[in-house]
Structures are given as C-alpha cells and as structure tokens.
Amino acid sequence: MSLKNDSFPSSEAFDLIKASLTDEKERTSAIKKGGAIFAFTLTNPKNETDTWYIDLKSSGSVGKGLGPDGKKADIVLSLSDENFAKLIEGKANAQKLFMSGKLKVKGDIMKASKAETILKAAQNKKAKL
C-alpha cells in the first residue's frame, strides 16, 4: 500500500524509504544508525498537514501517523512539503533549514541529526529508478 498523499508530492519519498528498508541488510544498518522513531509532519501550500513515521528503533517500518502501533515518536520533524522535497533531493541541508527556522524539531536534537542518513536512502533509491 502506497504511503503517498497526492496533496503532498514529496510524500512519495516515504515509499522509497520503505522500499529501501525491505532489504534486511539495509534495515539492520538503518536501525543501528537511527536508533529512534522519526516522525515527519509536512505542511503543504494549502496549510494542510500530514504525518509519516520511520521506525528505526526496532522494526524498520514506515507508515502514516506519529508512530507504529501506538508507539510515540522520539523525534518529530516539522517542515514544508517543498523543503522536505529539497532534503530528499539533496538540494537542502537539514542543519541550515533548522538554523533558518524552516525545520522544527521536537525531541532529541542529536538523534534528529541522524535523519539525514535516512533521507539519503531515499535519494539512493530514487537515483536507481
């Protein structure tokens, strides 16, 4: 089942991340590097919001909402759909977005810095398509 929401064009990245985590070696490595549940709350130009999670604490699952099966996200990253697309494409830097106020982080800021590792997996998957 696709995680893409047509109101959020960059949300297709969550399908790419999910696909990259189907490989057991990739998933194990990502969980080891991530060690947290990351939630991404995106806002589109119509000011609508939607949230997706990436569980890199235990299961390596990707889905809609703040976390899998009632678990809470360790880190919630809030940004625009446009800036999320730029992050996925490697055209923006998470640290610069954070410093300019375009990326808001709730939770462990040090673990949040590991989010770029996850997003690189989507970049690599997209490059292969």
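Under an unreviewed UniProt entry, the protein chain has the name SCP2 sterol-binding domain-containing protein and belongs to Lipomyces orientalis.

Caption draft 1: Just the packing of aromatic side chains, in detail. The tally for this structure, following the rule as stated, stands at five aromatic pairs. Judged by centre distance (5.8 Å) and plane angle (75 degrees), the ring pair of F8 and W52 falls under edge-to-face. Note that F8 is positioned in the segment before α1 (12-20) and W52 in strand β2 (residues 49-55), a separation of 44 residues in sequence. Grouping residues by exposure puts F8 and W52 together as buried. In this structure an aromatic cluster arises from ring pairing among F8, F14, F40, W52 and F84.

Cut-offs used in this document
- Residues numbered from 1 in each chain as written.
- Predicted model: local features only at pLDDT ≥ 70, side-chain atom pairs only at ≥ 80, totals over all residues.
- Heavy atoms only, no water.
- Phe/Tyr/Trp six-rings, centres within 6.5 Å; stacked < 30°, edge-to-face > 60°.
- Helix = DSSP H or I, 4+ residues; strand = E, 2+ residues; numbered from the N terminus.
- Buried < 20%, exposed > 50% of the residue type's maximum accessible area, 1.4 Å probe, protein only.

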